[in-house]
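# Report on the structure
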Amino acid sequence: MTERLLAYADRISAAPGERIEIKVSAPEPGEYSAKLIRLICGDDSPQGPGFKAEDIASPIAKAYPARLQPIHAGSHVEFRKGGPQLAGSFTFIAMVWPTLPLKGAPQAILGNFDAANRSGCSLLIDGSGRLSVQLGDSHLLHLDKPMLDRHWYLVSLAFDAAAGTITLRQRLLNHRGPGEAVSEASRRLEPPVAAIARTGVGVGGPFRIAAWSAGEQAAAHYNGKIDSPAVIGRALDAATIEKLGTDAKAARAASGVLAAWDFGQGISGIAVADASGNGHDGRIVNLPTRGMKGWNWDGSEYNWTKAAEQYAAIHFHDDDLYDCAWETDFTWELPKDLKSGVYCVQLSQKGKTEVYEEFVPICVRPGPGQKRKALALLIPSASYWAYANHQMPSSWTFNETSMGVFETMTEADRYLEEHLGFGLSTYDLHSDGSGVCYSSSLRPVLNMRPKSHLWQFNADTHITDWLEAQKLDYDVITDDDLEREGLELLKQYRCVVTGTHPEYYTLKMLDAVQGFTDLGGRLVYLGANGFYWRIAYHSELPGVIEHRRAEDGMRGWISEGGEYYMSFTGELGGLWRRMDRAPQIVCGAGFTAQGFDSASHYLRRPESFDPRAAFIFEGLKKDEVIGDFGIVGGGAAGWEIDRADTALGTPRHALIVAEATEFSAAYHWVKEEFNHTHSAIDGDTCPMVRCDMVFFETPKGGAVFSTSSISWAGALSHNGYDNNVSRITANVIKRFIDPKPFEM
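Now for a look at the structure at hand. (Residues numbered from 1 in each chain as written. Predicted model: local features only at pLDDT ≥ 70, side-chain atom pairs only at ≥ 80, totals over all residues. Heavy atoms only, no water.)

### Section: the overall build of the protein
Each helix and strand counted, the protein has 14 helices and 44 strands in total. A principal-axis box enclosing the C-alpha atoms of the protein has dimensions of 95 × 60 × 45 Å. Here the protein, with 744 residues, has 62% of them falling under the buried criterion. Contacts in the protein between residues far apart in sequence, at least 24 positions, make up 72% of those at least 6 positions apart. Summed over its atoms, the accessible surface of the protein is roughly 27,300 Å², and 50% of this surface lies on carbon and sulfur atoms. When the 71 positive and 93 negative side-chain charges of the protein are each reduced to one mean point, those points stand 4 Å apart. (Helix = DSSP H or I, 4+ residues; strand = E, 2+ residues; numbered from the N terminus. Buried < 20%, exposed > 50% of the residue type's maximum accessible area, 1.4 Å probe, protein only. Contact = heavy atoms within 4.5 Å. Areas by Shrake-Rupley, 256 points an atom, 1.4 Å probe, with all protein chains shown as cover. Lys, Arg positive; Asp, Glu negative; His and termini not counted. Charge placed at Lys NZ, Arg CZ, Asp CG, Glu CD.)

This is how it looks when you write it as structure tokens:
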């Protein structure tokens, strides 16, 4: 596969007068060009409306020098002042829980070895999974037995400068199997090596935890947890190592202590505290996972905020990525008169054999003092981040059986499979098999582009395309804006329309949407599987979300027991319905089934003839089949679907005005709703596999309308936008932006 032109912005949302930074990596030398477009529709598929965009005059429209910018994935701890200096005797101590010991490459635990100049010393796991030491250019010593994965060890490296000896030691905690729990090996160093060690392992690179240096970059990233690492400025015997290794407070006050880090402090942040008082505080790089069970977790407390000392472990991964940290290619200020909408910076480069193309989406929201439209399209950016660069087609062993169709990989899927390091989605597993909790926007996100798979961002351009075709004025706002501004953002609008798949919500976002309708706002839910998972944004770091897949739900991985609480906020992760906030409370319907072989149609129910719902079906025949057409699956009801349920919060006065029930056996009822495995869970056998179109009024003149289907928006453009899906949507939105109050 060829290389790609790649880019990202420092944010997805900006207002006129604000500045945007664009960062670009080009596959070939020379130049690339940029321009600004207003994106109307990103669907360039043969059956779709076609790619539609409007060129916008902008000072960014010119050529720029091309350069290749690398990505440095992998998490570790670094120190601005270089960390503890190693001179003379010393001992490294740490609790470790390796998850990929047989990786086949070195994984540094802690030390100051620099691979660029082959100096310094690090404790590591070698490519064969054995505890080892690297001193200068020599791989001096290793233990005989490979370490077990997902087991806690107390490990140490002691260098005695006077005796010229180095000793490695590991003890398997909670040892229950055959063989000895303790392994130890010592070696007297040859005079040249011993002299180097005595006079300055400190000539190595900067001290790092969970990696070593390779010049200015980190390398040899460790996979697994580390708890209570410490450096003591003298050679310790086995008994002292045992005492200090199992008593963090004793290590912090030990004679000769150089540093003793407490990962249980500041779990929500990026700082790493040196609890010895010697000032060797550090910071995490690329967001390894915090709030993780430590070696001393006893199961008595599942919330790290109440027992931080039992959650003083950080889980590092060699594929963690928060920020590519690319240099900015160009910056520009959005014009004061720029209309709210979805825009893209479109980049192109003419290579030797092909033309490369890239798009960077930017949602322009109204600026301060600008008049708001009555209608706002709420772009589900949090869900975009949750799915960012997902690799389900290549990494999910159950993807085809879950979808009911053979997998087809897009060009972006193939590129991500063949080029590691772009960061993962919350649907993926790290290289060590652990679930991905964090997902960031500060990287090229290949599946958040026009001309891509009709899922999330590109599927949502079916809505912008339809709004433009209907000549409906609207503003664009995002989840990122909603998290920042809350209810005050929504209160500026009479009607808010969702995207096709607003799945991931913080507490502040959910409260804002609920508060909006309670205060008389109107909500049009043009999707399904919305308001489903609870997430958190980071209070300090921009563009990153956290998600713990706790307890239940349709998910790609399962959080470890005791690791359900999010490190960013200390809030319980998982399904909103497990916190008594089921989606039915917000929009009348909640996730009930999914299938991806074909979509279905709706039939009107008797409730649709209630005078309260008459405006919805104006212009339709009484027995008209609704949405037996569409781009996404061939129908308007499908992919993921919701149903009403008063037991879960659908208001008692809500009207189920239409429903779709004809789904194939590839559609499966959501697992959180059945208590025992059985066969009656698919579209052929389960009455819960249905799609309910719901309408209800809310206090103070508000109302909610839910299509309960991801496929709905893909049917809007059928027959030149002249169809009953388009008509129903127009009827609802036009009534919802009418100031006339609804009556409860």
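### Topic: the sheet that holds strand β30 (residues 475-478)
The strand order across the open sheet formed by 8 strands is β30-β28-β31-β33-β44-β43-β41-β39, and the pairing between neighbours is mixed. Both outer strands of the open sheet, β30 and β39 (603-604), are each paired with one neighbouring strand and no more. Looking at chain direction, strand β28 (residues 375-379) and strand β31 (residues 495-498) are connected through 4 bridges and run parallel. Counterpart to A376 in the pairing with β31 is V496. Contacts from helix α11 (residues 507-518) reach β31, β33 (522-525), β43 (691-698) and β44 (702-706) within the one sheet, and its direction differs from that of β33 by about 125°. (Pairing = 2+ DSSP bridges. Axes fitted to C-alpha atoms, helices over the stretch in contact; angles between N-to-C directions.)

### Topic: the layout of surface pockets
Space inside the second largest pocket adds up to approximately 570 Å³. Around the second largest pocket, the lining is made up of 25 residues, and of these H72, V285, N286, D323 and A325 lie nearest the centre. (1 Å grid on protein atoms, 1.4 Å probe; cavity = no way out; pocket = protein on both sides within 12 Å on 5 of 7 lines; lining within 4 Å. Points joined across faces, edges and corners; volume = space filled by probe spheres on them.)

### Side note on the pairing of strand β3 (residues 19-25)
Taking burial as the measure, the 7 residues of β3 include 5 buried ones, the bulk of the element. Pairing between strand β1 (residues 6-9) and β3: 4 bridges, direction antiparallel. Each bridged residue has a counterpart across the sheet, and for A9 the counterpart in β3 is I22. Inspection of the sheet shows β3 paired to strand β25 (residues 330-333) by 4 bridges, in the antiparallel sense. Of the residues in β25, the one forming a bridge with I22 is F330.

### Some points on the pattern of salt bridges
Considering all chains together, one arrives at 41 salt bridges under this definition. Among the salt bridges present, the one from R150 reaches E560, with a minimum N-O distance of 2.1 Å. With R150 in the loop between β12 (138-142) and β13 (153-160) and E560 in the loop between β36 (544-546) and β37 (574-575), this pair connects stretches of sequence that are 410 residues apart. R150 sits in the partly exposed class, given a relative accessible area of 34%. In this structure E560 comes out as partly exposed when scored by relative accessible area, which is 33%. The partner of R643 in a salt bridge is D645, and the shortest N-O contact between them spans 2.8 Å. (Salt bridge = Lys/Arg side-chain N within 4 Å of Asp/Glu carboxyl O.)

### As for the side chain of E563
Relative to the helices and strands, E563 is located in the loop between β36 and β37. Excluding residues that lie within four positions of it along the chain, E563 makes contacts with K225, M292, K293 and R548.

### Describing the packing of aromatic side chains
The description of an aromatic ring pair rests on the distance of the ring centres and on the angle between the ring planes. What the rule picks out here adds up to 34 aromatic pairs. On the numbers, 5.8 Å between centres and 80° between planes, the contact of Y384 with F457 is edge-to-face. On the criterion of sequence distance, the pair formed by Y384 in helix α4 (residues 381-386) and F457 in helix α8 (residues 457-469) is long-range, its members being 73 residues apart. Just as Y384 is buried, F457 falls in that class too. Considering the side-chain rings of F695 and F742, the 5.9 Å spacing of their centres and the 55° angle between planes classify their relative orientation as tilted. Pair noted here: F695 is in strand β43 and F742 is in the segment after α14 (724-736), with a separation of 47 residues, a long-range link. Across this residue pair, the class does not change: F695 and F742 are buried. Put simply, the rings of F79, F90, F92, F159, F207 and W261 touch in pairs and so form one group of aromatic residues. Over the aromatic face of F617 sits the side chain of R604, whose NZ or CZ is 4.1 Å from the ring centroid. (Phe/Tyr/Trp six-rings, centres within 6.5 Å; stacked < 30°, edge-to-face > 60°. Lys NZ or Arg CZ within 6 Å of the ring centre and 35° of its normal.)

### Looking at the nonpolar core
Grouped together as the largest cluster of nonpolar side chains are 115 residues, with contacts concentrated most on Y602, W712 and F736. Element by element, the count of residues in this core is highest for α14, at 6 residues. Excluding its chain neighbours within four sequence positions, the residues that come into contact with F736 are R494, C495, R522, L523, V524, F615, F695, A703, V704, F705 and F742. (Core = buried A, V, L, I, M, F, W, Y, C linked by side-chain atoms within 4.5 Å.)

### Brief notes about helix α7 (residues 411-418)
What α7 keeps buried is the set A412, D413, Y415 and L416. In an axial view of α7, the angular spread of the buried residues amounts to 165°, which keeps them on one side of the axis. (Arc of directions from axis to C-beta.)

### Concerning the pairing of β44
The element β44 is largely enclosed, with a buried count of 5 among its 5 residues. Side chains G702, V704 and S706 project from β44 onto one buried face, and the interleaved A703 and F705 project onto a second face that is buried too. Direction of pairing for β33 relative to β44: parallel, over a ladder of 4 bridges. Bridge pairing links R522 to A703 in β44. Relative to β44, β43 runs antiparallel, the two sharing 5 bridges. Across the sheet, residue F696 finds its bridge partner in β44, namely V704. If you look at the hairpin formed by β43 and β44, you'll find 3 residues sitting between the two strands, and K700 has a positive phi there, around 60°.

### Thoughts on the environment of L442
By the element assignment, L442 lies in the loop between β29 (438-440) and α8. Overall, L442 belongs to the buried group, its relative accessible area being 8%. Each C-alpha atom, one on L442 and one on L86, is 36 Å from the other, the two residues being 356 residues apart in sequence. Ignoring anything within four residues of it in the chain, the contact list for L442 reads Y8, A9, D10, Y322, D323, C324 and P542.

### Here's the deal with the environment of R283
Tracing the sequence through the fold places R283 in strand β22 (residues 282-285). Expressed as a C-alpha distance, the spacing of R283 and A273, which sit 10 residues apart in the sequence, is 8.4 Å. Excluding its chain neighbours within four sequence positions, the residues that come into contact with R283 are H76, V77, E78, R80, I270, A271 and V272. Within the structure, R283 has its side chain in polar contact with the side chain of E78 (distance 2.7 Å). (Polar contact = N/O pair within 3.5 Å; in protein donor to acceptor, adjacent residues only side chain to side chain.)

### Focus on unusual backbone geometry
Residue A325 is not a glycine yet carries a positive backbone phi of 55°. Positionally, A325 belongs in the loop between β24 (313-316) and β25. Backbone geometry at Y721 places phi at a positive 70°, although glycine is not the residue there. Among the structural elements, Y721 can be located in helix α13 (residues 718-721). Judged by relative accessible area, Y721 falls into the buried class, the value being 18%.

### A closer look at the sheet that holds strand β38 (residues 590-600)
Strand order across the open sheet formed by 3 strands is β40-β38-β42, with antiparallel pairing between neighbours. Of all the strands in the sheet, just β40 (637-643) and β42 (668-669) have a single pairing partner and so form its edges. Strand direction decides the pairing type here: β38 and β40, joined by 6 bridges, are antiparallel. Among the inter-strand pairings, A593 is bridged to a residue of β40, identified as I641.

Just distances and angles here, no functional claims.
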